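Understanding the architecture of this molecule
Listed here are the chains, written in short residue letters.
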Amino acid sequence: MRIMGDVFAMLKGGPMISQQIDTIMPTGLQTITDTFDRPLRNVRLSVTDRCNLRCQYCMPEEEYVWLPRTNMLTFEEIAMLVDVFTDLGVDKVRLTGGEPLLRKELPVLVRMLAHKARIKDLALTTNGVLLSEQADALYEAGLHRLTVSLDTLDPQRFQALTRRDMHVRVLAGIEAARQRGFHGLKLDTVVMRGYNDDELIDLIEYGKRVGAEVRFIEYMDVGGATHWSMDRVFSRADMLTRLRQYYGRIETVVEVSSAPAQRFRLPDGTIFGIIASTTMPFCRTCDRSRLTADGMWYLCLYATKGIDLRQPLRDGASLQELAAIITAGWQARRDRGAEERKALEQRGSRETLVQLERLRQDPHLEMHTRGG
Ligand code: SF4
């Protein structure tokens, strides 16, 4: 426990935090694998469960149970856990929420993580509402990449979907990111039949104008999606048919990657992606895990149980002890949630993953809590 005490002493010491933690970590970089031989490479860090929108596919109800603020990990605690994760082979970190830009002083955390040499890809997913105010600070703090959620180009539809009148702010945020020069800007669109499936072409054309790669995501029946139904899923096959009717030939981009999006090329060279989690799950290559803002670690988007890292951290567990907890958890991992959901016969009905009552009892099951 002395090492942890030393770490806390150093954390109070100021700006050299990440370097100091790095120096006390074991030096050998490891790779740990789960029961299906999938490495742990990717952690999505939720920095808050709060959100300033109420998107129907993520937060369809009127009221929510929020995580207690006292349970939120501090930036120092997050940085410490990231050190443990990166020592175990993680090299991709994505900041998520809720809406991550609601977390106060987020660029401070970005700067702490951007200094860590083992993180090859430091990205952030945002709904864009606060982006025009924060794009400069995030860029200067060293954020590598940005993904902005944009489900529609129609302000009225946006308001109906999100129950907030903020479309103009999202577009301003995307423009601010473009002007700031973020490379690899992506726009994520959840496609729902009867809602925005008629906007695929408009969104691709908008992406071209702002220099962003558009990724279409199938509507998923994750925790919190209490209004999901198979009827509303506009599948990858549907999307490609719709896009071919307009653009003609569409080529598949051949690449070896564990990224969730399969990428395609239009005749003019424009690249777009489809994340077909519902109809063509990609669990067999999944190297992702999720850490909630209060330190629960989930090994799958569909997992109903997580591993509590906050308690041992605050009880004074050493970095090695935390590494042992994470290693044991990952090595026992058998999760392949999307594949199992796909195999369910009753999925075609309105069978949701988690019933509303249970979500009220355990907010960790909500998608906005664990990050999409
Ligand atoms: S469902 Fe779970 S295992 Fe499958 S890709 Fe998503 S997070 Fe990974």
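Located above this text is the structure these notes cover.
Report on the accompanying structure. Within each chain, residue numbers correspond to sequence positions counted from 1 in written order. Given that the model is predicted, a residue must reach a pLDDT of at least 70 before its local features are reported, and side-chain atom pairs must reach 80 or more before they are shown or counted; all residues, however, enter totals for whole chains, interfaces and linings. Calculated side-chain values reflect all of the structure's heavy atoms, with hydrogen atoms and water omitted.

Overview of the pairing of strand E4 (residues 145-149)
Applied cut-off: Burial classes: relative accessible area under 20% of the type maximum marks a residue as buried, over 50% as exposed, and values in between as partly exposed (1.4 Å probe, protein chains only). Think of it this way: any DSSP run of H or I at least four residues long counts as a helix, any run of E at least two long counts as a strand, and we number them from the N terminus. We call two strands paired when DSSP finds no fewer than two bridges between them. The handedness of a crossover follows from its direction of travel: if, with the strands pointing away from the viewer, the path from the first strand over the helix to the second runs clockwise, the crossover is right-handed.
In terms of burial, E4 is a largely internal element, 4 of the 5 residues being buried. Bridge count for strand E3 (residues 121-126) against E4 is 4 bridges, and the pairing is parallel. Its bridge partner being in E4, Thr126 is matched across the sheet by Val148. Each parallel crossover has a hand, and the one from E3 via helix H5 (residues 131-141) to E4 is right-handed. Strand direction decides the pairing type here: E4 and strand E5 (residues 186-191), joined by 3 bridges, are parallel. By the bridge assignment, Ser149 is partnered in E5 with Asp188.

Observations concerning the packing of helix H3 (residues 75-87) against helix H11 (residues 319-331)
The condition that has to hold: Axis definition: a line fitted to C-alpha atoms, over the contacting stretch in the case of helices. Angles run 0 to 180 degrees between N-to-C directions. Oblique is the label for any angle not under 35 degrees, not over 145, and not in the 65 to 115 range, which are roughly parallel, roughly antiparallel and roughly perpendicular in turn. Take the far helix as your reference; a near helix turned counterclockwise from it by less than a right angle gives a left-handed crossing, and one turned clockwise gives a right-handed crossing. Only heavy atoms matter for contacts: two residues are in contact if any of them lie within 4.5 Å across the pair. Classification used: nonpolar for Ala, Val, Leu, Ile, Met, Phe, Trp, Tyr, Cys and Pro, charged for Asp, Glu, Lys and Arg, polar for all others including Gly.
The interhelical angle for the contact between H3 and H11, taken along N-to-C directions, is 60°, at an axis separation of 9 Å. As the angle between them shows, H3 and H11 are arranged oblique. Once H3 is placed against H11, the crossing between them reads as right-handed. On H11, the residues touching Met80, Leu81, Val84 and Phe85 of H3 are Leu319, Leu322, Ala323 and Ile326. Considered class by class, the residues forming the contact of H3 with H11 number 8 nonpolar, no polar and no charged.

Quick look at the site of the ligand
For the record, the criterion: Near, as used in this document, describes a residue that has one of its heavy atoms within 4 Å of the molecule or strand being considered.
Neighbouring the ligand are 13 residues; Cys283, Cys286, Cys300, Leu301 and Ala338 lie closest to it. Looking at the shell around the ligand, the elements that each hand over two or more residues are strand E10 (288-291) and helix H12 (337-343). A per-class count over the shell around the ligand returns 7 nonpolar, 1 polar and 5 charged.

Here we look at helix H9 (residues 236-247)
Definition in use: By this rule the span expected of a helix is its residue count minus one, scaled by 1.5 Å. In this context, the arc is that of the directions from the helix axis out to the C-beta atoms.
In this model H9 runs 16 Å from its N-terminal to its C-terminal C-alpha over 12 residues, within 8% of the 16 Å that 1.5 Å per residue would give. The complete set of buried residues in H9 reads Arg236, Met239, Leu240, Leu243 and Tyr247. Along H9, the residues classed as buried sweep out an arc of 95° about the axis, all on the same side. For H9, the secondary structure elements touched by its buried residues are E5, helix H8 (200-210), strand E6 (213-218), strand E8 (262-265) and strand E9 (271-275). Within two residues after H9, Gly248 carries a phi angle of roughly 85°, on the positive side.

Topic: the pattern of salt bridges
Heads up, the condition is: We count a salt bridge whenever a side-chain nitrogen from Lys or Arg sits within 4 Å of a carboxyl oxygen from Asp or Glu.
If you walk through the whole model with that rule in mind, you get 29 salt bridges. Across the salt bridge formed by Asp91 and Lys92, the nearest N and O atoms sit 3.9 Å from each other. Judged by relative accessible area, which is 27%, Lys92 ranks as partly exposed. One salt bridge in this structure joins Asp268 and Lys208, with 2.8 Å as the shortest N-O distance. Of this pair, Asp268 sits in the loop between E8 and E9 while Lys208 sits in helix H8, and the two are 60 residues apart along the sequence. Under the relative-accessibility criterion, Lys208 is labelled partly exposed at 31%. Each of Asp34, Arg38 and Arg333 takes part in salt bridges that share partners, so that together they form one network.

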